[in-house]
Amino acid sequence: SRAKVVVIGGGYGGATAAKYVRLLSDHKIDVVLIEPNEAFVSCPISNLVVGGSRQIAEITSPYTELTRRHGIVRVRDSATAIDTTARSVKLAGGATIAYDKLVVSPGVELQFGSIEGLQAAHASGQILQAWKAGPETVALRRQLEAMPDGGVYAITIPEAPYRCPPGPYERASQVAWYFKHFKPRSKVLILDANPDVTSKGPLFKKVWAEQYKGIVEYRGQHKTVAVDAKAGLVKFEVHEDVKAQVINALPSMRAGAIAVQAGLNNMANNRWCGVNYQSFESTAARDVFVVGDSIQIAPAMPKSGHMANSHAKVAAAAIVAQLAGWELNPAPMLNNTCYSFVDDRNVVHVASVHAYDAAEKTFKTVAGSGGVSTGPTELEGVYAMNWAQNIWADTLG
Ligand code: FAD
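Quantities reported herein were computed from a predicted structural model and do not represent experimental measurements.

### Examining unusual backbone geometry
For the bond from Ala160 to Pro161, the omega torsion is 0 degrees, close enough to zero to count as cis. Topologically, Pro161 is positioned in the loop between strand S11 (152–157) and helix H6 (167–182). Here Asn269, not a glycine, exhibits a phi torsion of approximately 55 degrees, which is positive. Looking at where Asn269 falls in the secondary structure, it is placed in the loop between helix H8 (257–261) and strand S19 (275–276). You can call Asn269 exposed: its relative accessible area is 76%.

Laid out in structure tokens, this is it:
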């Protein structure tokens, strides 16, 4: 009988893995993709929706090509349990699906409990994260539109590692761009648990000092411990409370809930999932492959969509090889580029190349590879939009 691969999560990692198992097996392996959302909504470019220069429709893509062109069976449901012994996945709708190989790419779980008061403030819609693109992205935009001129937008950042290292700084820049043009008496406060800007620091700081002088204020070493939605307060371990009209509080993150439920989170205080970097097979369960933000990353590798897409291709190759009985001993070479929009069209990037090191069984950043922009340019803005169009086509097309 035909081999069956089940994929949990139709985001950057899961959708790519589903498509590439089909392509690399010449459509001989059956693939089932489990994803509750009707369409794919991209986190990359979503900060521009928050800033107001793009619409949510521009970052939304259907799943129809995966089904129509690649013959993937899409199940619109959530996985609620994985039985790694019986090799099956249970769905919220009640069905159970058996697999020969399983790909798990559920993204991150936001740990609301890491900030006192956040769970209730999130549930009531008063304090948003918008760290999973979709309706919350639009809701955060509405909060900014409703804020009177002269107000304060505060974004709080957890200790690294978290999803998308430059993401919070890009978002702060987007909100600053909006304020500069439409609410010039308003302020952006960046409250960072880390000692300093964790990605493209000098570039962002220069933009804030020059382009957004008097609008953006950055405070490092500010670990948020509590929020008071009613009073509009952010509270810290040592510093004085901060008042803001729009609070965008990002809590600590860990592997997606289904990965935790299945016990795949065997690294870093049970926050992330250990994998063999030659295949992305879980070190906690056989025939299970974890890709994307849920994994324990090697040093200097970001939790990015670009990386998730690359993990997925390595995993797909390993799965097809295992099912065919081929012996592989790959040395994967991955690269990453993260573009950040500092306004509606100017962009900076950071790039890196990561090579598998057989002796130490990890990825090492290739010396002399990658680098950062010298400063924001419109040309890089064109590259950034082309990067997005290309990765959406590669993942879903
Ligand atoms: P996701 O893409 O989030 O996919 C997870 C999917 O799993 C979701 O569709 C979810 O619905 C589904 N799912 C979860 N649980 C279950 C379940 N139990 N059953 C079934 N399905 C489930 N990266 C870049 O490379 N470049 C950028 O410019 C960039 N900008 C960003 C900006 C922002 C504001 C943010 C928040 C992130 C950004 N990222 C960027 C990071 C990127 O979005 C993530 O690294 C990437 O989405 C990770 O892929 P993933 O497959 O792990 O998770």
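### Description of the pairing of strand S24 (residues 362–365)
Pairing of strand S23 (residues 347–357) with S24, which is carried by four bridges, proceeds in the antiparallel orientation. Residue pairing across strands places Tyr356 opposite Phe363, the latter belonging to S24. The hairpin formed by S23 and S24 contains four residues between the paired strands, and Lys361 there has a positive phi angle of roughly 55 degrees.

### Some words on the sheet that holds strand S7 (residues 88–91)
The sheet built from three strands is open, its strands ordered S6-S7-S8 with antiparallel pairing. Edge positions in the sheet fall to strand S6 (79–83) and strand S8 (96–98), since each of these pairs with one other strand and no more. Strand-to-strand twist in this sheet, taken as the mean axis angle between neighbours without regard to direction, amounts to 20 degrees. Relative to S8, S7 runs antiparallel, the two sharing three bridges. Bridged to Ser88 within S8 is Ala98.

### Focus: the pairing of S23
Pairing of strand S22 (residues 333–341) with S23, which is carried by nine bridges, proceeds in the antiparallel orientation. Residue pairing across strands places Cys338 opposite Val350, the latter belonging to S23. Between the end of S22 and the start of S23, which pair antiparallel, lie five residues. By the bridge criterion, two bridges tie S23 to strand S25 (residues 371–372) in an arrangement that is antiparallel. Across the sheet, residue Ala351 finds its bridge partner in S25, namely Gly371.

### What to know about the pattern of salt bridges
Evaluation of the coordinates by the stated rule reveals 20 salt bridges. Asp30 is paired through a salt bridge with Arg2; the nearest N and O atoms lie 3.0 Å apart. With a gap of 28 residues between them, Asp30 in strand S2 (residues 30–34) and Arg2 in the segment before strand S1 (4–8) connect regions that are remote in the sequence. Here Arg2 falls in the partly exposed class, since its relative accessible area comes to 45%. A salt bridge links Asp394 to Lys313; the nearest nitrogen and oxygen atoms lie 2.6 Å apart.

### Comments concerning the site of the ligand
The immediate surroundings of the ligand are formed by 34 residues, with Gly13, Glu35, Ser105, Arg163 and Asp293 found nearest. One nitrogen or oxygen atom from the main chain of Tyr12 is found 3.1 Å from an oxygen atom belonging to the ligand. Between the ligand and Asn37 there is a distance of 3.5 Å, counted from an oxygen atom to a side-chain nitrogen or oxygen. Notes on the ligand: free accessible area 1000 Å², of which the protein chains cover 89%. Elements supplying a minimum of two residues to the shell around the ligand: helix H1 (12–24), helix H2 (46–51) and helix H9 (305–324). The greatest single-element share of the shell around the ligand, amounting to three residues, is contributed by H9.

### Considering the side chain of Thr224
One can find Thr224 in strand S14 (residues 224–228). Residue class for Thr224 comes out buried when judged on its relative accessible area of 9%. Setting aside residues no more than four positions away along its own chain, Thr224 makes contact with Ile115, Thr156, Val234, Lys235 and Phe236.

### Description of the packing of aromatic side chains
Evaluated as defined, the whole model comprises twelve aromatic pairs. Here Trp208 and Tyr218 contribute two aromatic rings whose centre-to-centre distance is 6.0 Å and whose plane-to-plane angle is 20 degrees, an arrangement assigned as stacked. Pair noted here: Trp208 is in helix H7 (residues 201–210) and Tyr218 is in strand S13 (residues 216–219), with a separation of ten residues, a long-range link. Residue classification places Trp208 among the buried residues on the basis of a relative accessible area of 5%. An aromatic cluster is built from Tyr169, Phe204, Trp208 and Tyr218, whose rings are joined through pairwise contacts. The cationic tip of Arg141 hangs over the ring face of Tyr178; the distance from NZ or CZ to the ring centre is 4.0 Å.

Parameters and conventions
- Residues numbered from 1 in each chain as written.
- Predicted model: local features only at pLDDT ≥ 70, side-chain atom pairs only at ≥ 80, totals over all residues.
- Heavy atoms only, no water.
- Helix = DSSP H or I, 4+ residues; strand = E, 2+ residues; numbered from the N terminus.
- Buried < 20%, exposed > 50% of the residue type's maximum accessible area, 1.4 Å probe, protein only.
- Pairing = 2+ DSSP bridges.
- Axes fitted to C-alpha atoms, helices over the stretch in contact; angles between N-to-C directions.
- Salt bridge = Lys/Arg side-chain N within 4 Å of Asp/Glu carboxyl O.
- Near = heavy atom within 4 Å.
- Polar contact = N/O pair within 3.5 Å; in protein donor to acceptor, adjacent residues only side chain to side chain.
- Areas by Shrake-Rupley, 256 points an atom, 1.4 Å probe, with all protein chains shown as cover.
- Contact = heavy atoms within 4.5 Å.
- Phe/Tyr/Trp six-rings, centres within 6.5 Å; stacked < 30°, edge-to-face > 60°.
- Lys NZ or Arg CZ within 6 Å of the ring centre and 35° of its normal.

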